[in-house]
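Structural characterization, general
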Amino acid sequence: MKNYFAGFLLGIKDRYQLSKKEYEAFGSRSDAFNGAMTALEDDNVNVIGVYGMGGVGKTILIREAARQVKEKKLFDEVVFVAVTQTPNMLNIQDEIVEKLGLKIEERSVDALGIPSIDDHKGCKILMTSRRQEVLKSIGSQKVLPIELLEEDEAWKLFKNVAGPIAERSDLQPTAEKVTQKCARLPIAIATVAKALKHKENLYEWKDALEMELSSDVNSAIKMS
């Protein structure tokens, strides 16, 4: 019997994905990532959930977990599926079936066709959501939070994406303030840094800083 690992994203699929280089192994990510990997190797845990606010980096974490699972050959098959807020269940079924090379004998919009844990030992599911209670309601045995970046991590990420221009003497003070406005959210930081990396003029950076942003995270996401 083959063992399967299915990674699901529950919620809005991020419009901008961080690359592995941009994400890096920041310390604030390590607890959630290491916890997920440990659970994936634990025979007593079959359903794992990672939760956190939009833009915090859940997608890249689950993709990196899938990459390492493949590299370590922990499972025979690995499937990664994004589930939006208004999912088409039949399309999701088809995507899972196609990636696993299986056939559906009975189709139902009430189920995705994921094997039951009791009958298929060795199959595991890693899911992400913005809400902890969603993961618990689905039956996650291990639920892990992913936190905001630390301030030094946020600035490091901004510099990694924007490049040397972020540390130019006339721009750095503004660049640091722009980073702070992104509320330590990796997606917002990377998106804004990418947009500014080719801007040579100080006024362009100040324009980004003076956009109508409050201190809440929704504004940072809106900026990105």
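Rules used throughout
Residues numbered from 1 in each chain as written. Predicted model: local features only at pLDDT ≥ 70, side-chain atom pairs only at ≥ 80, totals over all residues. Heavy atoms only, no water. Helix = DSSP H or I, 4+ residues; strand = E, 2+ residues; numbered from the N terminus. Buried < 20%, exposed > 50% of the residue type's maximum accessible area, 1.4 Å probe, protein only. Contact = heavy atoms within 4.5 Å. Areas by Shrake-Rupley, 256 points an atom, 1.4 Å probe, with all protein chains shown as cover. Expected span 1.5 Å × (residues − 1). Arc of directions from axis to C-beta. Axes fitted to C-alpha atoms, helices over the stretch in contact; angles between N-to-C directions. Parallel < 35°, antiparallel > 145°, perpendicular 65-115°, else oblique. Left-handed = near helix turned anticlockwise from the far one by under 90°. Nonpolar A, V, L, I, M, F, W, Y, C, P; charged D, E, K, R; others polar. Core = buried A, V, L, I, M, F, W, Y, C linked by side-chain atoms within 4.5 Å. pLDDT = per-residue confidence, 0-100.

Turning our eyes to something else, we now look at the overall build of the chain. A tally of regular secondary structure across the chain gives 10 helices and 5 strands. A buried classification covers 45% of the 224 residues belonging to the chain. For the chain, the proportion of contacts with a sequence separation of at least 24, taken over those separated by at least 6, is 77%. Of the accessible surface of the chain, which amounts to about 12,500 Å², a share of 47% is contributed by carbon and sulfur atoms.

Attention now moves to helix α4 (residues 89–100). The end-to-end C-alpha distance of α4, which contains 12 residues, comes to 17 Å, matching closely the 16 Å that a straight helix rising 1.5 Å per residue would cover. Residues of α4 that are buried: I92, Q93, I96, V97 and L100. Mapping the buried residues of α4 onto a view down its axis gives an arc of 130°, with all of them on the same face. Positive phi shows up at G101, right after α4, with a value of about 70°.

Another aspect to go through is the packing of helix α6 (residues 151–162) against helix α7 (residues 172–181). It is the contact of α6 with α7, at a shortest axis distance of 10 Å, that shows an interaxial angle of 120°. Comparing the axis directions of α6 and α7 gives the class oblique. Once α6 is placed against α7, the crossing between them reads as right-handed. Residues A154, W155 and F158 of α6 lie in contact with α7, whose contacting residues are Q172, A175, E176, V178 and T179. Residue composition of the contact of α6 with α7, by class: 5 nonpolar, 2 polar and 1 charged.

Before going further, it helps to spend a moment on helix α3 (residues 58–72). With 15 residues, α3 extends 21 Å between its outermost C-alpha atoms, agreeing within 8% with the 21 Å of an ideal straight helix rising 1.5 Å per residue. Those residues of α3 not exposed but buried are K58, T59, I60, L61, I62, E64, A65, A66, Q68 and V69. Remark: K73 follows α3 within two positions and exhibits a positive phi of approximately 55°.

As a further point, take the nonpolar core. Within the largest apolar cluster, 44 residues are counted, with the highest numbers of intra-cluster contacts made by I48, L126, F158, I189, L196 and W205. At the level of elements, α2 (27–40), β2 (47–51), α3, β3 (77–83), α6, α7, α8 (186–196) and α9 (202–209) are the ones that each hand at least two residues to this core. Within the second largest apolar cluster, 6 residues are counted, among which are V81, I92, I96 and L100.

Residues shown with low pLDDT carry predicted positions that ought not to be read at fine detail. Looking at the chain as a whole, the pLDDT averages 79, with 76% of positions reaching at least 70. Between residues 8–16, whose pLDDT stays under 50, and residues either more than four places distant or in other chains, the model counts 38 contacts.

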